[in-house]
Amino acid sequence: MLSRVRVWLNRTYAENVFFMDQLRRNPSDRAVEIHATHGDPDSPVLAAADTADLEPEGLSPAAYVEYALDQCVRRGIDVFVPRLHQAAIVAHRAEFAAAGTALLAPTPEAVAVFEDKATAYEAVRSVGVPVPPWHRVRTADELVAAVEELEAAGHRACFKPAAGAGGVGFRVITRSPFSLAHLNGFPGPYVPLDLVVDALRRAEEPVDWLVMPRLEQPEVSVDCLTGPDNRVRLAVGRTKNGRRRGFTLDERWLAPARLIAEGFGLHHLSNIQFRMLGDRPVLLDVNTRPAGGLHQLSLCGVNVPWAAVRLALGEDPGVIEPPFLGQDYTVVSGPRPLMPAALPRQRMESADVVLPAVPVRAASAGEVLPL
């Protein structure tokens, strides 16, 4: 009988409760136990895990590596899926391997390239992948110059942090003066240029933004599973156009994604996003981690989280072709249980204390429904 697999996810996104569900429902029918850590006691991933800990706050990257190594040894972790402090962790891959833990994460070189969006755009452009025109700005004068150049070329300008994830800090520049139109309905991404310039001039420290054209839909996120031999085992595109979502195997999207994943050592799970600039796809972003929507590929008959864990354990799943492409769908919110307010629940192991899995309140997480 195969031994159980112990997987740890650190400070991950709420949507990865579905990643965890898929690991437990793996087609190998292998026992999987999941450890989760987070800084927020109300994260639904803590309630979804078999064992859970609150992470200490304020650790430096080096101190966090020591914390992570201790977690792996004490919890008997076979596969660690790091999100927080990924760069520091992958630099110590050999130490985790010596502790019996495989890292489900790319090479240190790949993480370094794609931590910074400007560096990433330069790198992928050098291998022939189209990127949008972009300007790195740190001051109000640089922002105005970049916006004027993009507008002169017929583009609407937007900006985002040079380092960041999840769309945090993304805004679209408008020349319209601030008015009640900006206060009607739900808050949106549009900000008047004069207000942004004024905020920058009053700021005590410079920003680090990329200014680029507002790219058009569809947005296509290509989920890739790549082996340590730099060969892609799976590549499937998830399309997004407004509320409607679907899947694609169109090589317009998959070919450049494979080129990036294989050429830059994006081992294990990565997510490579494209949007349209005029009539051609260009790179939007590269994530060196599993995408929050990865579980949606189950609508295509594949369990990608489990294939990735097998690959991390040295059990090569081979090339994975989805048996079909799922129908178009949309994403809705649904309730997930949270832990009691006092302590995370623990499995009954040695001196672990068992607490009831009592929902405290509902947490929103993305689920998929067909259109």
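Residues numbered from 1 in each chain as written. Predicted model: local features only at pLDDT ≥ 70, side-chain atom pairs only at ≥ 80, totals over all residues. Heavy atoms only, no water.

Looking up the protein in an unreviewed UniProt entry gives the name ATP-grasp domain-containing protein, with the organism given as Streptomyces bangladeshensis.

Asker: Would you explain the overall build of the protein in this entry?
Answerer: When you go through the protein residue by residue, the secondary structure sums to eleven helices and 17 strands. Against the 2.2 N^0.38 benchmark of 21 Å for 371 residues, the protein shows a C-alpha radius of gyration of 22 Å, consistent with a compact globule. Dimensions of the protein, computed from C-alpha atoms along their principal axes, come out at roughly 65 × 45 × 45 Å. Residue pairs at least 24 apart in sequence account for 64% of intrachain contacts in the protein once pairs closer than 6 positions are excluded. Taken as two groups, the 38 positive and 44 negative side-chain charges of the protein have centres that lie 4 Å from each other. (Helix = DSSP H or I, 4+ residues; strand = E, 2+ residues; numbered from the N terminus. Rg over C-alpha atoms; globule rule 2.2 N^0.38 Å. Contact = heavy atoms within 4.5 Å. Lys, Arg positive; Asp, Glu negative; His and termini not counted. Charge placed at Lys NZ, Arg CZ, Asp CG, Glu CD.)

Asker: Could you clarify how one ought to interpret the sheet that holds strand β1 (residues 5–10) in this entry?
Answerer: By way of backbone hydrogen bonds, the strands of a sheet pair with one another, either parallel or antiparallel. Pairing in this open sheet of five strands is parallel, and the strands run β3-β2-β1-β4-β5 from one edge to the other. Strands at the two margins of the open sheet, each flanked by one partner only, are β3 (51–54) and β5 (102–103). As paired strands, strand β2 (residues 32–38) and β3 are joined by four bridges and run parallel to one another. In the strand pairing of β3, A36 is matched with A52. Contacts between helix α11 (residues 304–312) and the sheet are confined to β1, β2, β4 (79–81) and β5, with β1 contributing the most and set at about 110 degrees to the helix. (Pairing = 2+ DSSP bridges. Axes fitted to C-alpha atoms, helices over the stretch in contact; angles between N-to-C directions.)

Asker: Is there a simple way to explain the side chain of T101 in this structure?
Answerer: In this structure, T101 sits in the loop between α5 (93–98) and β5. The class for T101 is buried, based on a relative accessible area of 3%. For T101, the side chain forms a polar contact with the main-chain oxygen of I77, separated by 2.7 Å. Each residue touching T101, except ones within four places of it in the same chain, is listed here: C72, I77, D78, V79, F80 and F96. (Buried < 20%, exposed > 50% of the residue type's maximum accessible area, 1.4 Å probe, protein only. Polar contact = N/O pair within 3.5 Å; in protein donor to acceptor, adjacent residues only side chain to side chain.)

Asker: Can you walk me through the sheet that holds strand β7 (residues 157–161) in this structure?
Answerer: Spatially, β6-β10-β7-β8-β9 is the arrangement adopted by the five strands of the open sheet, whose pairing is mixed. Only two strands of the sheet have a single partner each, and these edge strands are β6 (135–137) and β9 (190–192). Each neighbouring strand pair of the sheet contributes to a mean axis angle of 35 degrees, computed without reference to strand direction. With three bridges joining them, strand β8 (residues 171–174) and β9 adopt parallel strand pairing. Opposite V172, over in β9, you have Y190 as the bridge partner. Here helix α9 (residues 193–202) sits on the sheet in contact with β7, β8, β9 and β10 (209–213), set at roughly 70 degrees to β9.

Asker: For this particular structure, what's the right way to read α9?
Answerer: Helical periodicity: at 3.6 residues per turn, an α-helix aligns residues three or four positions apart in one direction. Of the residues making up α9, those classed as buried are L193, V196, V197 and L200. Taken down its axis, α9 places every buried residue within 100 degrees of arc, on the same side. Facing away from the buried surface of α9 by more than 90 degrees, the exposed residues are D194 and R202. Lining the buried residues of α9 we find α8 (140–152), β7, β8, β9 and β10. (Arc of directions from axis to C-beta.)

Asker: Whenever I open this one, the UniProt feature "domain: ATP-grasp" (unreviewed entry) in the protein confuses me. Can you help?
Answerer: UniProt marks residues 121–313 with the feature "domain: ATP-grasp" (unreviewed entry), using the numbering shown here. In residues 121–313, helix accounts for 26% and strand for 33%; the two terminal C-alpha atoms are 32 Å from one another. (UniProt positions renumbered as here; feature names shortened; annotations may be inferred.)

Asker: What should I look at first to understand the state of the cysteines in this one?
Answerer: Covalent bonding between the sulfur atoms of two cysteines defines a disulfide. Applying the stated rule across the entire model yields zero disulfides. Between C224, a free cysteine, and C300, which holds the nearest cysteine sulfur, the sulfur-to-sulfur gap is 14 Å. When its relative accessible area of 0% is taken as the criterion, C224 is described as buried. (Disulfide = S-S within 2.5 Å.)

Asker: Explanation requested: the environment of V319 in the structure shown.
Answerer: Mapped onto the fold, V319 is located in the loop between α11 and β16 (329–334). A relative accessible area of 54% places V319 in the exposed class. The spacing of V319 and A235 is 84 residues in sequence and 9.5 Å in space, taken between C-alpha atoms.

Asker: Just checking my understanding: could you explain the pattern of salt bridges for this structure?
Answerer: When their charged atoms lie close together, side chains carrying opposite charge are able to pair. All chains considered together, the criterion is met by 28 salt bridges. Here E33 makes a salt bridge to R4, at a shortest N to O gap of 2.6 Å. Placement of the pair is E33 in strand β2 and R4 in the segment before β1, with a sequence separation of 29 residues. E33 gets classed as buried once you look at its relative accessible area, which sits at 10%. Look at R4 and you get partly exposed, because its relative accessible area is 38%. The partner of E33 in a salt bridge is R6, with the nearest N and O atoms 3.7 Å apart. A residue pair is termed long-range when its members are at least 10 positions apart, and E33 in strand β2 and R6 in strand β1 qualify at 27 residues. Each member of the pair, E33 as well as R6, carries the same accessibility label: buried. Here the salt bridges share partners, and the residues they tie into one network are D53, D70, R74 and R75. (Salt bridge = Lys/Arg side-chain N within 4 Å of Asp/Glu carboxyl O.)

Asker: Explain the packing of helix α1 (residues 17–24) against α11 to me, please; I cannot follow it from the model alone.
Answerer: Each packed pair of helices is defined by two parameters, the angle between the axes and the distance between the axes. In the contact formed by α1 and α11, the axes pass within 8 Å of each other and the chain directions differ by 70 degrees. In terms of their interaxial angle, α1 and α11 are classed as roughly perpendicular. Relative to α11, α1 is oriented so that their crossing is right-handed. Together, F19, Q22 and L23 of α1 and P305, W306 and V309 of α11 make up the contact between the two elements. Grouping the amino acids of the contact of α1 with α11 by side-chain chemistry returns five nonpolar, one polar and no charged. (Parallel < 35°, antiparallel > 145°, perpendicular 65-115°, else oblique. Left-handed = near helix turned anticlockwise from the far one by under 90°. Nonpolar A, V, L, I, M, F, W, Y, C, P; charged D, E, K, R; others polar.)

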